[in-house]
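Chain residues, written in single-letter form:
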Amino acid sequence: MEKIATSETTSPIAILMATYNGMPYIRQQLDSLLSQTTTGWTLYINDDGSSDSTTDIIKRYAELHDNIQVLNLGKGLGACENFLRMLHTVDAKYYMFCDQDDHWSPVKIRKEMDAMTKIEKSHPGKPIIVHCDLKVVDQEMHLIHPSFIQYAGVYPTLLNQFEHSVEPYITGCTMLLNRLARDSVVYPTTVAAMHDAWVTLCVLRAGGISTLVDESLVDYRQHGSNTLGARDISEVNLSYRLRLLRSILQERRRHYLMLRTLGFGTPIKYVFEKIRFKCAVNKIRKTQSL
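Residues numbered from 1 in each chain as written. Predicted model: local features only at pLDDT ≥ 70, side-chain atom pairs only at ≥ 80, totals over all residues. Heavy atoms only, no water.

Some points on the environment of Ile 128
At step 1: Here Ile 128 is to be found in strand 8 (residues 128-137).
At step 2: Looking at Ile 128, the relative accessible area reads 0%, which means it is buried.
At step 3: C-alpha separation for the pair Ile 128 and Leu 257, spaced 129 residues apart in sequence, amounts to 23 Å. (Helix = DSSP H or I, 4+ residues; strand = E, 2+ residues; numbered from the N terminus. Buried < 20%, exposed > 50% of the residue type's maximum accessible area, 1.4 Å probe, protein only.)

Structure representation (structure tokens):
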């Protein structure tokens, strides 16, 4: 597959956007990117075969802005393969994933790049993921919760070693990767449950670092067409788990298959690490309640 190169002097950051029938919200997202306080980025868009006016919209934006490029890497890929194919194809110094229906804070790129620069200086030669928190909003951009991390009850700060990464929850649209992180991502793959989980696991397996910018720099829009959405942790009780038991088990199987493919170990080890992870989460929750 031919590489698509950016200029590291004028556009070192590649923002990757996978689109599919995104007409209702994509203009707002594109406008939020164009409102960034940081320049030096190029947006690459690969559409997955939209049947609405998404392709017309992105072509029009590309005609008006030199830093927006429309790719033709295939259709019918699904979100995971679409993002991973772009990541593998586009040649840049830094990479960001972008969903079609969110809205970025004007300082998102600047704040994550500031964090990346500091970490690269203190950890030279390391694959690095910088990520941030998100605001959970409804389809009209009304605030549901100021922190996705708190709302969904995820603990990305516990993701520091591959051997313990049984819940690889870093949201893709918050990620900034350096080139070493990108180069650590195994591709092609048939076991990736979602691009962000796969990227996280591959980076951690390579001895990489993930670090959180503890600010909500993305408005994470919830609507009926979300590929994945924000789950309110306060609603996850025994009844919820029993009702969705099959889906939960399927999700855990997919996560374990990713881990096993990357050399994690046996199902017994996975269960042990799940228990260890839950204990760590409970310890954090007790500390927060004090």
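Some remarks on the packing of aromatic side chains
At step 1: Applying the stated criterion across every chain yields a total of four aromatic pairs.
At step 2: Aromatic side chains Phe 83 and Phe 97 sit 5.5 Å apart centroid to centroid with 80° between the ring planes, which places their arrangement in the edge-to-face category. Of this pair, Phe 83 sits in helix 3 (residues 79-89) while Phe 97 is found in strand 6 (residues 94-98), placing the two residues 14 residues apart along the sequence.
At step 3: Here the aromatic rings of Tyr 256 and Tyr 270 are separated by 5.5 Å at their centres, their planes lie at 55°, and the arrangement is tilted. (Phe/Tyr/Trp six-rings, centres within 6.5 Å; stacked < 30°, edge-to-face > 60°.)

Brief notes about the side chain of Asp 102
At step 1: With respect to the helices and strands, Asp 102 occurs in the loop between strand 6 and strand 7 (103-104).
At step 2: Buried charge Asp 102 goes without a salt bridge, the closest partner of opposite sign being Arg 221 at 6.0 Å. (Lys, Arg positive; Asp, Glu negative; His and termini not counted. Salt bridge = Lys/Arg side-chain N within 4 Å of Asp/Glu carboxyl O.)

Side note on empty space enclosed by the protein
At step 1: Scanning the entire structure with this criterion turns up one cavity of 30 Å³ or more.
At step 2: Each pocket or cavity is described by its volume, and for the largest cavity that value is around 60 Å³.
At step 3: Surrounding the largest cavity, His 131, Cys 132, Leu 134, Phe 148, Ile 149, Val 154, Pro 156, Tyr 169, Ile 170, Thr 171 and Thr 174 form its lining.
At step 4: Of the residues that constitute the lining of the largest cavity, the class distribution is eight nonpolar, three polar and no charged. (1 Å grid on protein atoms, 1.4 Å probe; cavity = no way out; pocket = protein on both sides within 12 Å on 5 of 7 lines; lining within 4 Å. Points joined across faces, edges and corners; volume = space filled by probe spheres on them. Nonpolar A, V, L, I, M, F, W, Y, C, P; charged D, E, K, R; others polar.)

Points about the pairing of strand 3 (residues 41-47)
At step 1: With respect to burial, strand 3 is a largely interior element, seven of its seven residues being buried.
At step 2: Along strand 3, one buried face is formed by Trp 41, Leu 43, Ile 45 and Asp 47 and the opposite face, lined by Thr 42, Tyr 44 and Asn 46, is buried too.
At step 3: Crossover strand 2 (residues 13-19) to strand 3 through helix 1 (residues 26-34) is right-handed. (Right-handed = clockwise from strand over helix to strand, strands pointing away.)

Quick look at the packing of helix 1 against helix 2 (residues 54-64)
At step 1: Viewed as axis vectors pointing N to C, helix 1 and helix 2 meet at an angle of 20°, and their least axial separation amounts to 11 Å. One way to sum up the angle between helix 1 and helix 2 is to call them roughly parallel. You can see that helix 1 and helix 2 cross each other, and the crossing is right-handed. Listed contacts from helix 2 to Ile 26, Arg 27, Leu 30, Asp 31 and Leu 34 of helix 1 are Thr 54, Ile 57, Ile 58 and Tyr 61.
At step 2: Within the contact of helix 1 with helix 2, the residues separate by chemical class into six nonpolar, one polar and two charged. (Axes fitted to C-alpha atoms, helices over the stretch in contact; angles between N-to-C directions. Parallel < 35°, antiparallel > 145°, perpendicular 65-115°, else oblique. Left-handed = near helix turned anticlockwise from the far one by under 90°. Contact = heavy atoms within 4.5 Å.)

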